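# Structural features, examined
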Amino acid sequence: DASYYGKRDFILRELAPYEIYSANKYAIFDLANQDAQSAIELGAPSSAYVYRHYARNFIEANHCQEGLEETQKLIQQYGTQTSDYGQYYSLYLTEAYICLGELDLALESAQAITCDDPVSTCKSGLLAEIYLQSGDYENALNTVNYMINWQPAGGGWRYFIRALIYYKQGQIDLAQQ
């Protein structure tokens with residue numbers, strides 16, 4: 001039954017972030033992807049989330065190229081603007097490019113993301129990550145400050161990123177604050 005495999009995929013995806021060792025986390029996403037693939041093979045409807053998870057699980061399991069290819073298939077089939085899940089496809093595309101270290105392409109695809117939550121790693125969070133990895137500390141800091149000013153509570157990771165940026169800029173006092 002495709003729905004059972006889909007549910008187990010979902011459960012594994014929810015479980016993986018709690019794993020502290022990246023090798024184990026990657027293995028959990030690999031298991032989740034086996035279930036997503038089984039759900040697809042057993043005839044899960046094309047609107048089922050397992051199709052999105054199949055692409056994202058590759059990225060989460062550090063199989064960056066496969067994740068990119070599956071995301072591109074989804075975009076070719078459904079587009080990014082017309083489907084209910086289009087925003088996810090732009091997000092996955094950005095994450096795949098980050099995973100591959102293709103930061104110029106990641107920055108380009110991040111511009112197409114429509115969701116933005118100052119506490120999550122949606123558009124602004126991904127932009128901050130891209131800027132940080134690119135060494136563009138000024139834009140990274142501006143983006144993180146924008147996120148914190150927009151919603152100061154929650155999303156404590158943003159404060160750690162800001163501290164890291166200050167540290168990399170040699171502003172140790174601000175980093176400690």
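Look up a bit, the structure's there.
An account of the accompanying structure is given in this report. Per chain, residues are indexed from 1 in the order of the written sequence. Predicted model: local features are reported for residues with pLDDT of at least 70 only, side-chain atom pairs are reported and counted for 80 or more only, and whole-chain, interface and lining totals are derived from all residues. Side-chain measures were taken over the full set of non-hydrogen atoms in the model, leaving aside hydrogen atoms and water.

## Overview of the overall build of the protein
Selection criterion: Starting at the N terminus, helices and strands are each numbered in turn, a helix being any DSSP run of H or I of at least four residues and a strand any DSSP run of E of at least two. Under the scheme applied here, a residue whose accessible area is under 20% of the maximum for its type counts as buried, over 50% as exposed, and between as partly exposed, the area being computed with a 1.4 Å probe on protein chains only. Contacts are residue-level and defined by heavy atoms, with any inter-residue pair within 4.5 Å sufficient. Working definition of accessibility: Shrake-Rupley area with a 1.4 Å probe, residue cover restricted to the visible protein chains. Two residue types count as positive, namely Lys and Arg, and two as negative, namely Asp and Glu; His and chain ends fall outside the count. Note on charges: their place is set at NZ of Lys, CZ of Arg, CG of Asp or CD of Glu.
If you tally the helices and strands in the protein, you get ten helices and zero strands. When the helices and strands of the protein are read in sequence order from the N terminus, they spell out α-α-α-α-α-α-α-α-α-α. Counting every position in the protein, which comprises 177 residues, the buried fraction comes to 41%. Sequence-distant contacts in the protein: of pairs separated by 6 or more residues, those separated by 24 or more amount to 49%. Of the roughly 9800 Å² of accessible surface on the protein, 50% is carried by carbon and sulfur atoms. Computed over 11 positive and 22 negative side-chain charges, the separation of the two mean positions in the protein equals 5 Å.

## Thoughts on a nonpolar patch on the surface
Applicable threshold: The patch calculation keeps residues exceeding 30% relative accessible area without a salt bridge and links them within 9 Å when they carry like charges or within 5 Å when they are nonpolar (Val, Leu, Ile, Met, Phe, Trp, Tyr). The term salt bridge refers to a pairing of a side-chain nitrogen on Lys or Arg with a carboxyl oxygen on Asp or Glu at a separation within 4 Å.
A cluster of nonpolar side chains, namely Leu 164, Tyr 167 and Ile 172, defines an oily patch on the protein surface of about 280 Å² accessible area. As for its position among the elements, Ile 172 is in helix 10 (residues 172–176).

## So, the packing of aromatic side chains
Where we set the bar: Pairs were defined over the aromatic rings of Phe, Tyr and Trp, the Trp ring being its six-membered one, requiring ring centres within 6.5 Å. Orientation was assigned from the angle between planes: stacked under 30 degrees, edge-to-face over 60, tilted for the rest. When the NZ atom of lysine or the CZ atom of arginine is within 6 Å of a ring's centre and also within 35 degrees of its normal, the charge is said to sit over that ring.
Throughout the structure, instances matching the rule amount to four aromatic pairs. With centroids separated by 5.6 Å and ring planes inclined at 35°, the aromatic side chains of Tyr 146 and Trp 150 adopt a geometry described as tilted. One end of the pair is Tyr 146 and the other is Trp 150, both in helix 8 (residues 137–150) and four residues apart, which spans about a single turn. Judged by relative accessible area, which is 45%, Trp 150 ranks as partly exposed. The aromatic ring of Tyr 88 is capped on one face by Arg 52, whose charged end is 4.4 Å from the ring centroid.

## A short note on the packing of helix 2 (residues 22–41) against helix 3 (residues 49–60)
The geometry of a pair of packed helices is captured by two quantities: the angle between their axes and the separation between those axes. Threshold: A fitted line through C-alpha atoms serves as each axis, taken over the contacting stretch for helices, and the angle formed by two N-to-C directions is quoted from 0 to 180°. Throughout this description, any angle smaller than 35 degrees is read as roughly parallel, any larger than 145 degrees as roughly antiparallel, any in the 65 to 115 degree range as roughly perpendicular, and the remainder as oblique. Should the near helix be turned counterclockwise from the far one by less than a right angle, the crossing is left-handed, whereas a clockwise turn marks it as right-handed. Polar here means any residue outside two lists: the nonpolar Ala, Val, Leu, Ile, Met, Phe, Trp, Tyr, Cys and Pro, and the charged Asp, Glu, Lys and Arg; Gly therefore counts as polar.
Between helix 2 and helix 3, the shortest axis-to-axis distance is 9 Å and the interhelical angle comes to 155°. Looking at the two axes, helix 2 sits roughly antiparallel to helix 3. Crossing geometry of helix 2 relative to helix 3 is assigned as left-handed. Taken together, the residues of helix 3 that come into contact with helix 2 (itself represented by Tyr 26, Phe 29, Ala 32, Asn 33, Ala 36, Gln 37, Ala 39 and Ile 40) are Val 50, Tyr 51, His 53, Tyr 54, Asn 57, Phe 58 and Glu 60. Residues belonging to the contact of helix 2 with helix 3 are distributed by class as follows: ten nonpolar, four polar and one charged.

## With respect to the state of the cysteines
For clarity, the threshold we go by: In plain terms, two cysteine sulfur atoms within 2.5 Å form what is called a disulfide here.
Within this structure, the stated rule accounts for two disulfides. One disulfide bridge connects Cys 64 with Cys 99, the sulfur atoms lying 1.8 Å from each other. Handedness of the Cys 64-Cys 99 disulfide follows from its S-S torsion of about -50°: it is left-handed. In this pair, Cys 64 sits in helix 4 (residues 64–78) while Cys 99 sits in helix 5 (residues 86–100), placing the two residues 35 residues apart along the sequence. Take Cys 64: its relative accessible area is 9%, and that puts it in the buried class. Between the sulfur of Cys 115 and that of Cys 122 lies a disulfide, 1.7 Å long from S to S. Judged by the sign of its S-S torsion, about 45°, the bond between Cys 115 and Cys 122 is right-handed.

## Section: the nonpolar core
Put simply, the rule is: To qualify as a nonpolar core, a set must consist of buried Ala, Val, Leu, Ile, Met, Phe, Trp, Tyr and Cys residues joined through side-chain atoms within 4.5 Å.
By size, the foremost hydrophobic cluster in this structure holds 29 residues, and its most contacted members are Leu 91, Ile 113, Ile 130 and Ile 165. Of the residues forming this core, the biggest block, seven residues, is contributed by helix 5.

## Structural notes on the packing of helix 6 (residues 103–110) against helix 7 (residues 123–134)
Where helix 6 meets helix 7, the axes come as close as 10 Å, and the angle between the chain directions of the two elements is 160°. Classified by the angle between their axes, helix 6 and helix 7 sit roughly antiparallel to one another. Viewed along their axes, helix 6 and helix 7 form a crossing whose handedness is left-handed. Facing Leu 103, Ala 106, Leu 107 and Ala 110 of helix 6, the residues of helix 7 in contact are Lys 123, Leu 127, Ile 130, Tyr 131, Gln 133 and Ser 134.

Taken by themselves, the reported measurements are silent on function.
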